[in-house]
Amino acid sequence: MSALRPTTWRVPLRGGIFAVLAGGTVTAIAWKMFDMLRINGLNPLKITIFSLFVVLLIPIGLSFWTSVLGFVVLWRERPQPRVEAPANEEWPRTAVVVPIYNEDPVRVFAGIKATYEDLEATGLLPFFDFYILSDTTDPEIWVREEMAFADLRKNVRDPERIFYRNRRENLERKTGNIADFCETWGGYYRYMIVFDADSVMAGSSLIDLVRMMERSPEAGIIQAPPLPVNRHTFFGRLRQFATHAYSSTFITGLNFWQGGAANYWGHNAIIRIEPFVEHCHLPKLPGREPLGGSILSHDFVEAAFMRRAGWKVYLASDLSGSYEEIPPSLISYAARDRRWCQGNLQHSRLLFTPGLHLINRLHFWMGIMGYVASPLWMLMLILSTVEGVREAMEPHPYFPQGPALYPTWKISVQTEGVILFLIVMGLLIVPKILSLFLHLRDRRERAGYGGGWKLSGSVLMEMIASTLLAPVLAFLQTHFVLGILMGRNIKWDAQDRGEPETTYGEAIRRHWASTVLGIVWSALLLSTVPKLFWWFSPVLAGFVLAIPISVWSSRVRLGEWAQRHGWFLTPEEVEPPSVLVRLNKEMELGAARRWATEHEPLSQVLEDPEVYALHLWMLGGSKAIDPLQRHYLEGLELKYQHSGGEALTPREKRDLLLDQEAVRSLASRLHEDWGIDRTGASPANNRVSSQL
């Protein structure tokens, strides 16, 4: 926790050092590039290539010096002894909120129970409550959530600390879900710790977050960096290893120069509720979607608004015990990127919002460049190819100004090109090498990655794999960006958090265009500028091999082989923390429970007395509806009686399940032996109420 609050006067000094280093590096490399391009004469094409190069070089320079400064801080840092909370320390009430939307209940409730029990082991559970905030619209998943919630409450101590509600209307997605919690229950708590559906945190980490807030009265948000866990596909293990191996230097470097203007990542963070409600309301962007309307990537914006209001936003770079899960395949990773892409491009509308901190504007810009860089990079490669082909096909003008005594000789820039290439590659590779040095110097760190040789080999293989994956991701991101700029809106569906393997058919559908592009591009260069082909070969290989790379990297068998042989190991696999042990145990138990199986939801509610009673109890009191809606529901009841649940759409099933009167009416007609009438409750209802 030592890195959380740098001395006030040091923040601008650190920012100045960072700006000078990054700016100087970009300027020096840009000048080298310009000097190389002008040797044989400038033209509009070369000037465009140079401009694109500089724009793309800026985020690379910023990331490079962020990691280098983080390395310096970590290399000089000495381990701090953990400070335990005094027994008489006063603790504020804190809510752990878990917004979910059509997620797998087995995984969601396993993560909640693992975190809950790990927190209970600290002895400070009485100061926390857990809220499962469901925006689920799929009726089958909704019913399973209710059953999982009832099962969770039966199997934990102090079940009154766990709450669940399903929102009738999914207004404003996750931001509306959190806003609804703040309006309804936020007044009872000083802080909320926001989870994602796949989040899990050690109980000690939750305590540390609250302690940080209590000792930092100026803090509005403190973000705990989550580490990915529990992936078994080759792609998932590769990305999981990369985050564990490299992220600490980058995150520590961020803390070095951003101070109290850090970002909020939307989950695994603690928020001071009162200023959040007062200052972080998101505006509607003018214009139509995709760049107008509701802001999709809300977290960066909420952090910027919190900082604008005078509250600090910190990144707890040295806090451990915070975990999440990442997409298991290239295609699912790209699907998540597609959703994030639209949200980040919307931030371009907020760059010049009055009152925002300069660093928050920089965060917006870097988030935008994370996606815009791909089409710009593709364009630069295409223009470089055009220029290379032009130079190869057109004779050099030895007398460009007419007859002269001496010709203008063509000067080779091959040496300069090699030097420039090595410099840029150094900016990308050196941060990974520095992270490797940090892990190798510590015996326990080395052991956590399978030993020094396994760690070094894993870093080398990760670099090679990332080189092949980068062009494919860049092509997909280019497609996303162009689609959004052309007005194509993105549907924000639930994320697939399982580990489905990519089929060849699916890979061909997703990657045929990049494969064709790679083949045509390679043929063009080999027939015109063979030297340029070898410069472009890593990129072209990624395009040409996109289909087999996508398929084989999604294989669980390949990932498990790598794990058995000690490649891409992480410390959490070598020595699992208690919260992950609990999570894996609950996942095994949850998959075998009755509510984990798939059933037609309306029939399950109507045919199982306990599920019926539970559902009515979860709905709460009946709500008055207008006569037209009642007539519509009565029509659905008749449709169900005559044709069964398969005849109803998911929306129609949900409409019936939302209405107590409709559920009672159907149940009374189908099961008179339950003792149900249209106005009273069943005996099973009384049993469920007493159990919960």
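What counts and what doesn't
- Residues numbered from 1 in each chain as written.
- Predicted model: local features only at pLDDT ≥ 70, side-chain atom pairs only at ≥ 80, totals over all residues.
- Heavy atoms only, no water.
- Helix = DSSP H or I, 4+ residues; strand = E, 2+ residues; numbered from the N terminus.
- Buried < 20%, exposed > 50% of the residue type's maximum accessible area, 1.4 Å probe, protein only.
- Contact = heavy atoms within 4.5 Å.
- Areas by Shrake-Rupley, 256 points an atom, 1.4 Å probe, with all protein chains shown as cover.
- Salt bridge = Lys/Arg side-chain N within 4 Å of Asp/Glu carboxyl O.
- Pairing = 2+ DSSP bridges.
- Axes fitted to C-alpha atoms, helices over the stretch in contact; angles between N-to-C directions.
- Expected span 1.5 Å × (residues − 1).
- Polar contact = N/O pair within 3.5 Å; in protein donor to acceptor, adjacent residues only side chain to side chain.
- Right-handed = clockwise from strand over helix to strand, strands pointing away.

### Remarks on the overall build of the protein chain
From N to C terminus, the protein chain includes 26 helices and 10 strands. Classification of the 692 residues of the protein chain by burial places 53% in the buried group. Contacts in the protein chain between residues at least 24 apart in sequence constitute 81% of all its contacts with a sequence separation of at least 6. For the protein chain, the exposed area adds up to about 31,600 Å²; of that, 61% sits on carbon and sulfur atoms.

### Points about the pattern of salt bridges
Applying the stated rule across the entire model yields 28 salt bridges. The residue Arg651 makes a salt bridge to Glu169 at a minimum N-O spacing of 4.0 Å. One end of the pair, Arg651, is in helix H24 (residues 650-657); the other, Glu169, is in the loop between strand S3 (162-166) and helix H5 (173-184), with 482 residues separating them in the sequence. A single salt-bridge network, built from bridges that share partners, covers Lys113, Glu117, Asp118, Arg582 and Glu586.

### Focus: the sheet that holds strand S9 (residues 312-315)
Within a sheet, neighbouring strands are paired by backbone hydrogen bonds and run either parallel or antiparallel to one another. Here we have 7 strands laid out as an open sheet, ordered S3-S2-S1-S4-S8-S6-S9, and mixed in their pairing. Every interior strand has two partners, whereas the edge strands, S3 and S9, have only one. If you compare each strand with its neighbour and ignore which way they point, the axes differ by 20° on average. Inspection of the sheet shows strand S6 (residues 219-223) paired to strand S8 (residues 269-272) by 3 bridges, in the antiparallel sense. Bridge pairing in S8 links Gln223 to Ala269. This element, helix H4 (residues 139-154), spans strand S1 (94-100), strand S2 (128-134) and S3 of the sheet and lies at about 170° to S3.

### As for the side chain of Glu387
Looking at the element boundaries, Glu387 is found in helix H11 (residues 358-393). Other than its neighbours up to four places away in sequence, Glu387 contacts Asn43, Leu45, Lys46 and Ile49.

### Considering helix H3 (residues 105-120)
Over its 16 residues, H3 runs 22 Å from end to end, which matches the ideal 22 Å to within 8%, given 1.5 Å per residue. Along H3, 14 of the 16 residues are buried, which leaves the element largely enclosed by surrounding structure. By the N-cap criterion, in which a side-chain oxygen at the helix start approaches the backbone nitrogen of a residue two or three places on, H3 is capped by Asp104, the distance to Val106 being 3.1 Å.

### Side note on the sheet that holds strand S10 (residues 322-324)
Read across the sheet, 3 strands follow the order S5-S10-S7 without closing on themselves; strand pairing throughout is mixed. With partners counted over all chains shown, the strands left at the sheet margins are strand S5 (200-201) and strand S7 (227-228), one partner each. Sheet topology note: the S5/S10 ladder contains 2 bridges and is antiparallel. Each residue of the ladder has a partner; that of Met201, found in S10, is Ser322.

### Side note on the pairing of S3
Of all 5 residues in S3, 4 are buried; the element is thus mostly enclosed. Here 5 bridges tie S2 to S3, and the two strands are oriented parallel to one another. Bridging across to S3, Phe130 finds its partner in Ile162. Handedness of the crossover joining S2 and S3 through H4 is recorded here as right-handed.

### Focus: unusual backbone geometry
Cis peptide bonds are those with omega within 30 degrees of zero, and the linkage from Glu289 to Pro290 qualifies with 15°. With phi around 60°, Phe568 is a residue other than glycine that occupies positive phi space. Among the structural elements, Phe568 can be located in the loop between helix H18 (556-564) and helix H19 (571-574). A residue is classified by how much of its surface remains accessible, and Phe568, at 2% relative accessible area, is buried.

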